[in-house]
Amino acid sequence: MLNTQIDITQVSEFRLKTLVYFGCGAIHKINDIADQLVARNIKHILVVSGRGAYKATGAWDVIVPALESRGIAYTLFDKVTPNPTTAQIDEAVAMAPGAQAVLAIGGGSPIDAGKSAAILLANPGKTATELYEFKFTPDTAVPIIAVNLTHGTGTEADRFAVATILEKEYKPAIAYDCIYPTWSIDDPALMTGLSPAQTRFVSIDAINHCVEAATAKTASVFSISLAREAIALVAKYLPVAEANPADLEARYFLLYASMLAGVCFDNGLLHYTHALEHPLSGIKPELTHGLGLSILLPAVVKEIYPAKAGVLADILAPLVPGLAGTPDEALAAAQGVEKWLAASGVPQKLADEGFVESDLDHLVELAFTTPSLDGLLSLAPTEADKAAVRRIYADSMNKLG
């Protein structure tokens, strides 16, 4: 794992499919990005954000002068909620017809909504519901700038986005090369105000990306290596950030872990945990994505451990030390993950969030009927039939025993 003798105030350029400006103070790179917008003759942009974090973090105080001093007009849509909806995306696009780029400020929800809006701006006449029901396949989007405010999703460096179609309880995922952000800003100094719960949930999201991407049928030595490093960083620095939310070194390395995890699943892809979480927050949009993933993770580990014991024993070692990597450890490994989650302040199970036994059949049905989730399930390392999916949901109702 990385040592800590790194200057966290040095803003580095990570050249992935996205150019990521990374480090404390990276928010000021918005000036360089604005210069590049001017060079591209971009005069009007749509800004997509949540209701308050873009101001509370101080990001807005830097962004507005950068845009206004260069004569770049902007239309602000600041109504994105956790688990953003297709209706919100359509509303944002309708406010800024002809916008030539999208600036998304926030965590996974605003950035995913911004990515989706970027597609619709480049494909006039299409709706977000059509996009998320796969009624058309986009190959163009207007340029995207992502200013990331959480250390969890990795969406600032990948080609994925998620939105909920409320009336159908669907929460599909899309993945298109045209929605890699052109530029992203990862500034840990913007994240010291994350609440303890947010800090936990977003970091657990990153761990789930790693577990799935390292064990999917599409896993590779690259995704496994990224998973090992990212999980080790979360294990080390999450307790530090919880004890002292203002610790910039902890935020720096949690953010780095999150970005690694995003690249990890961009390459290795996802399977059970995300496929099964989407129905949970499709039914209950108020359920935080990271909490839903946390609830499911132990049962998923139990399900897949016999097929991927060696990989899981390796990457989970910082959370569950002493695993030998033999299939008979499945329950012990799952209980070890469950114990780590509880020690990190997330002991909740489905029953704690209001789910009951009679919900299981509906959840299973949504896992197989929500657009795109069948693709995720097809990548699971074990046969992802309805019996397996129901077993994971049932094992997630209460503490594993």
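Cut-offs used in this document
- Residues numbered from 1 in each chain as written.
- Predicted model: local features only at pLDDT ≥ 70, side-chain atom pairs only at ≥ 80, totals over all residues.
- Heavy atoms only, no water.
- Phe/Tyr/Trp six-rings, centres within 6.5 Å; stacked < 30°, edge-to-face > 60°.
- Lys NZ or Arg CZ within 6 Å of the ring centre and 35° of its normal.
- Axes fitted to C-alpha atoms, helices over the stretch in contact; angles between N-to-C directions.
- Helix = DSSP H or I, 4+ residues; strand = E, 2+ residues; numbered from the N terminus.
- Parallel < 35°, antiparallel > 145°, perpendicular 65-115°, else oblique.
- Left-handed = near helix turned anticlockwise from the far one by under 90°.
- Contact = heavy atoms within 4.5 Å.
- Expected span 1.5 Å × (residues − 1).
- Buried < 20%, exposed > 50% of the residue type's maximum accessible area, 1.4 Å probe, protein only.
- Lys, Arg positive; Asp, Glu negative; His and termini not counted.
- Salt bridge = Lys/Arg side-chain N within 4 Å of Asp/Glu carboxyl O.
- Nonpolar A, V, L, I, M, F, W, Y, C, P; charged D, E, K, R; others polar.
- Pairing = 2+ DSSP bridges.

**Some words on the packing of aromatic side chains**
A full pass over the atoms with the stated rule returns nine aromatic pairs. Grouped by ring-pair contacts, the aromatic residues Phe-14, Phe-22, Tyr-237, Tyr-252, Phe-253 and Tyr-256 constitute a single cluster. Above the face of the Phe-355 ring, Lys-284 is positioned so that its terminal group lies 5.1 Å from the ring centre. Of note, Lys-386 hangs over the ring of Phe-368, and the distance from its end group to the ring centre comes to 5.8 Å.

**Section: the packing of helix 14 (residues 360–369) against helix 16 (residues 386–395)**
Packing of helix 14 against helix 16 brings their axes to within 10 Å, and their N-to-C directions diverge by 130°. Considering the angle they form, helix 14 stands oblique to helix 16. Judged by the twist between their axes, the crossing of helix 14 over helix 16 is right-handed. Along its contact with helix 14, which presents Leu-360, Asp-361, Leu-363, Val-364, Glu-365, Ala-367 and Phe-368, the element helix 16 presents Lys-386, Val-389, Arg-390, Tyr-393 and Ala-394.

**Considerations on helix 13 (residues 330–343)**
Helical geometry note: an α-helix holds 3.6 residues per turn, so side chains three or four residues apart project in the same direction. Spanning 14 residues, helix 13 covers 20 Å between terminal C-alpha atoms, matching the ideal 20 Å at 1.5 Å per step. Along helix 13, the residues that are buried comprise Ala-330, Ala-333, Ala-334, Gly-336, Val-337, Glu-338, Trp-340 and Leu-341. Summarising the contacts, the buried residues of helix 13 are in contact with helix 7 (196–215), helix 8 (221–243) and helix 11 (289–304).

**Notes on the side chain of Asp-205**
Residue placement: Asp-205 occurs in helix 7. Here Asp-205 occupies a buried position and makes no salt bridge, while the nearest side chain of opposite charge, Lys-171, is found at 8.7 Å. When neighbours within four sequence positions are excluded, Asp-205 is seen to be in contact with Gly-152, Thr-153, His-274, His-289 and Leu-293.

**With respect to the environment of Phe-265**
Turning to its location among the elements, Phe-265 is positioned in helix 9 (residues 248–268). Accessibility expressed as a relative area gives 5% for Phe-265, which makes it buried. On a C-alpha basis, the gap between Phe-265 and Leu-363 in space is 24 Å, while along the polypeptide they are 98 residues apart.

**Regarding the pattern of salt bridges**
Throughout the structure, instances matching the rule amount to 16 salt bridges. We note a salt bridge from Lys-29 to Asp-32, for which the minimum N-O separation is 3.3 Å. With relative accessibility at 32%, the residue Asp-32 sits in the partly exposed group. The shortest N-O distance in the salt bridge between Asp-395 and Lys-302 comes to 3.3 Å. Of this pair, Asp-395 sits in helix 16 while Lys-302 sits in helix 11, and the two are 93 residues apart along the sequence. What makes Lys-302 partly exposed here is its relative accessible area of 30%. Within the structure, one salt-bridge network assembled from shared partners comprises Glu-133, Lys-135 and Lys-168.

**Structural notes on the packing of helix 7 against helix 9**
At a minimum axis separation of 8 Å, helix 7 and helix 9 run at an interaxial angle of 35°. Crossing angle aside, the handedness with which helix 7 passes helix 9 is left-handed. Of the residues in helix 9, those in contact with Thr-199, Ser-203, Ala-206, His-209, Cys-210 and Ala-213 of helix 7 are Arg-251, Leu-254, Ser-258, Ala-261, Cys-264, Phe-265 and Gly-268. A class-by-class count of the residues in the contact of helix 7 with helix 9 yields seven nonpolar, five polar and one charged.

**Brief notes about the sheet that holds strand 5 (residues 101–106)**
Strand order in this open sheet of seven strands is 1-2-9-6-5-3-4, and the pairing throughout is mixed. Each edge of the sheet is formed by a strand with only one pairing partner; in this case those strands are strand 1 (12–15) and strand 4 (73–77). Here the strands of the sheet are splayed against their neighbours by 20° on average, with no regard to which way each runs. Across five bridges, the pairing between strand 5 and strand 6 (residues 144–148) is parallel. Looking at strand 6, one finds that Leu-103 is bridged to Ile-145. Against the sheet, helix 5 (residues 108–122) touches strand 3 (44–49), strand 5 and strand 6, its axis set at about 170° to strand 5. On top of the sheet, helix 9 reaches strand 1, strand 2 (19–22), strand 6 and strand 9 (183–186); it is set at about 165° to strand 2, its chief contact.

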